Amino acid sequence: MNGLSYLTPAGDSPWSTYLAQIDRVEPYLGRLTRWIDTLRRPKRALIVDVPIELDDGRVAHFEGFRVQHNLSRGPGKGGVRFHPDVTLEEVMALAAWMTIKNAAVNLPYGGAKGGVRVDPSALSRKELERLTRRYTSEIGLIIGPEKDIPAPDVNTNAQIMAWMMDTYSANVGATATGVVTGKPIPIGGSLGRVKATGRGVFTVGRETARRIGLDLAGARVVVQGFGNVGSVAAERFAAAGARVIAVQDHTGTVYREAGLDIAALQQHVNRSGGVAGAPGTETLDGESFWQLPCEILIPAALEGQITGARAQRIDARFVLEGANGPTTQQADQILAERGVMVVPDVIANAGGVTVSYFEWVQDFSSFFWTEDEINARLERIIGGAFSHVWDTAQQLGVPLRTAAFVVACTRVLEARELRGLYP
Ligand code: GLU
């Protein structure tokens, strides 16, 4: 009854991880269980062909996707990623996690995600622009400021959002700033959006530490990923007195027992494209990274990184999920058995979409807030949402992820029930 004929999720794939999370929440939904299969399938999935002319005159085709997992609480919302491993199944899972995330934070959105199966580093800037514009035009059927609002994700940024906004606007014949968030400031972007996800990760980490009696001063932090999320989270933890002892990215793993100099590491990454070989650091091999004794482990790269095997060796007080879906279902269970708390993605990394929401509201009202106002509101919303999830976990005696899903699924399915079935 719940299987989807167009998908056979295997083992630890993102969609099967998500389905297992839904199974775990089912006993806590009471009468709303009647509607739960809504969450086990995307409302709408669009597959598009994205042909572009390469600089050398050849034509290349790329697979593009936009999935609207759920629209019960409002328009679709969620990023677009450009990555060679993007698949429909991955985008479905990422869209579903946006549904849960937006509801867990109580933003008036459903959940959506998009992606193009491409290695953007192999394209010139002009080719990247053509790819972005053609993809936007193809998904133009289903996006819009009141329908579905894309944003940056892995390998996409403010410039790509500017091209998306311009393409959509050209097609509808009017400047529509609210069609995407994460735009550059001069064309309707919001102050604080770039750092929002990392800031939110830090806020949730700090609140978790406070509740378990962990002093951040001197606490050892280990981070996978040094992009928009990992680098900002590392910077915030270091500023709070924690020691960021290791950082891993696609180029390698760097370690310094006394704590890495995050500003210097950032400069090295800006120059060389990755953390490998940063001055004053030791090099570690990729696997020993996962067993470093630390207080806080922050996966802030791609999904599926904490596998069952790695979970056996993790030596941390808690895992703070900056990435979407970094922990497989098997790993989640192993960590729970081993007493390693997991602070789930749907709350830990919700700072980005929260400031995206602020950006969308500012675009609609054409009235822009100061960075201090934005950061204060972000702190209040994320802190409040985390607190509610923490209390729910205590009341029900369940892990934080299940608690976040209980809060979120209840909100989504209540909306589903109130709206009823048509016809
Ligand atoms: N891509 C980010 C996420 O996974 C942000 C989405 C948004 O701002 O819409 O939460």
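As the structure is a prediction and not an experimental result, all values here were calculated from the model.

Thresholds, definitions, all that
Residues numbered from 1 in each chain as written. Predicted model: local features only at pLDDT ≥ 70, side-chain atom pairs only at ≥ 80, totals over all residues. Heavy atoms only, no water. Helix = DSSP H or I, 4+ residues; strand = E, 2+ residues; numbered from the N terminus. Rg over C-alpha atoms; globule rule 2.2 N^0.38 Å. Buried < 20%, exposed > 50% of the residue type's maximum accessible area, 1.4 Å probe, protein only. Contact = heavy atoms within 4.5 Å. Areas by Shrake-Rupley, 256 points an atom, 1.4 Å probe, with all protein chains shown as cover. 1 Å grid on protein atoms, 1.4 Å probe; cavity = no way out; pocket = protein on both sides within 12 Å on 5 of 7 lines; lining within 4 Å. Points joined across faces, edges and corners; volume = space filled by probe spheres on them. Phe/Tyr/Trp six-rings, centres within 6.5 Å; stacked < 30°, edge-to-face > 60°. Lys NZ or Arg CZ within 6 Å of the ring centre and 35° of its normal. Pairing = 2+ DSSP bridges. Axes fitted to C-alpha atoms, helices over the stretch in contact; angles between N-to-C directions. Salt bridge = Lys/Arg side-chain N within 4 Å of Asp/Glu carboxyl O. Near = heavy atom within 4 Å. Polar contact = N/O pair within 3.5 Å; in protein donor to acceptor, adjacent residues only side chain to side chain. Nonpolar A, V, L, I, M, F, W, Y, C, P; charged D, E, K, R; others polar. Lys, Arg positive; Asp, Glu negative; His and termini not counted.

Draft legend 1. Quick look at the overall build of the protein chain. A tally of regular secondary structure across the protein chain gives 13 helices and 13 strands. Taken over the C-alpha trace, the protein chain has a radius of gyration of 21 Å; the compact-globule value for 423 residues is 22 Å, and the two agree within 12%. Along the first, second and third principal axes, the C-alpha atoms of the protein chain reach 55 × 55 × 45 Å. Taken across its 423 residues, the protein chain has 58% of its residues classed as buried. Taking as baseline every contact in the protein chain between residues at least 6 positions apart, the subset at least 24 positions apart corresponds to 69%. With an accessible surface of roughly 16,900 Å², the protein chain has 51% of that area assigned to carbon and sulfur atoms.

Draft legend 2. Molecular detail of empty space enclosed by the protein. For the structure on display, the rule yields 1 cavity of 30 Å³ or more. Volume-wise, the largest cavity comes out at about 40 Å³. If you trace the largest cavity, you find it lined by Val-222, Phe-289, Trp-290, Leu-292, Cys-294, Leu-297, Ile-314, Asp-315 and Ala-316.

Draft legend 3. Representation of the packing of aromatic side chains within the structure. All told, the structure shown has 10 aromatic pairs when counted by the stated rule. Centre to centre, the rings of Tyr-357 and Phe-358 are 6.1 Å apart; their planes meet at 45°, and the pair counts as tilted. By way of ring pairs, the aromatic residues Tyr-109, Tyr-357, Phe-358, Trp-360, Phe-364 and Trp-369 are connected into one cluster. When the ring centre of Trp-35 is taken as reference, the NZ or CZ atom of Arg-34 above it lies at 4.9 Å. Positioned over the ring face of Trp-369 is Arg-377, at 4.1 Å from the centre of the ring.

Draft legend 4. Molecular detail of the pairing of strand E2 (residues 59-70). Counted residue by residue, E2 has 9 buried out of 12 residues, so it is predominantly covered. As judged from the 10 bridges shared by strand E1 (residues 44-53) and E2, these two strands associate in the antiparallel manner. Its bridge partner lying in E2, Ile-52 is registered against Ala-60. Here E1 folds back onto E2, and the loop between the two strands holds 5 residues, one of which, Gly-57, carries a positive phi near 95°.

Draft legend 5. Spotlight on the sheet that holds strand E5 (residues 111-117). Taken in spatial order, the 4 strands of this open sheet run E1-E2-E5-E4, and their pairing is mixed. Among the strands making up the open sheet, the edge pair consists of E1 and strand E4 (80-83). When strand polarity is set aside, the average angle formed by the axes of neighbouring strands in this sheet is 20°. Against the sheet, helix H3 (residues 125-139) makes contact with E1, E2, E4 and E5, and its axis sits at roughly 145° relative to E1, the strand it touches most.

Draft legend 6. Representation of the layout of surface pockets within the structure. Volume-wise, the second largest pocket comes out at about 440 Å³. Lining the second largest pocket are 17 residues, and of these Thr-38, Lys-43, Ser-72, Arg-416 and Leu-421 lie nearest its centre. Breaking the lining of the second largest pocket down by element, the ones donating at least two residues are E2 and helix H13 (400-419).

Draft legend 7. Examining the pattern of salt bridges more closely. Per the counting criterion, the structure on display carries 29 salt bridges. Salt-bridge contacts for Arg-133 lead to Asp-166; the nearest nitrogen and oxygen are separated by 2.8 Å. Of this pair, Arg-133 sits in helix H3 while Asp-166 sits in helix H4 (residues 158-172); the two residues are 33 residues apart in sequence, bridging distant segments of the chain. Using a relative accessible area of 39% as the deciding quantity, one classes Asp-166 as partly exposed. Measuring nitrogen to oxygen at the nearest pair gives 2.8 Å for the salt bridge that ties Glu-138 to Arg-134. Remark: Arg-134 and Glu-138 occur in helix H3; sequence separation between them is 4 residues, near one turn of the helix. In this structure Glu-138 comes out as partly exposed when scored by relative accessible area, which is 24%. Residue class for Arg-134 comes out partly exposed when judged on its relative accessible area of 37%.

Draft legend 8. Main features of the site of the ligand. Looking at the ligand, there are 14 residues lining it, with Lys-77, Lys-101, Pro-152, Asp-153 and Ser-356 nearest. In the environment of the ligand, a nitrogen atom lies 2.7 Å from a nitrogen or oxygen atom belonging to the side chain of Asp-153. Its free accessible area being 290 Å², the ligand has 94% of it covered by the protein chains. Of all the secondary-structure elements, those providing two or more residues to the shell around the ligand are helix H2 (88-104) and helix H11 (351-365). Its residues placed into classes, the shell around the ligand shows 4 nonpolar, 5 polar and 5 charged.

Draft legend 9. Just the side chain of Glu-127, in detail. In this fold, Glu-127 is placed in helix H3. Comment: no salt bridge for buried Glu-127; closest opposite-charge side chain is Arg-130, at 4.8 Å.

Draft legend 10. Here's a closer look at the sheet that holds strand E11 (residues 296-299). Taken together, 7 strands build an open sheet; the order of strands is E10-E9-E8-E7-E11-E12-E13 and the sheet is mixed. Where the open sheet ends on each side, the last strands, each with one partner, are strand E10 (282-284) and strand E13 (341-343). Taken over all neighbouring pairs, the strand axes of this sheet differ in orientation by 20° on average, direction set aside.

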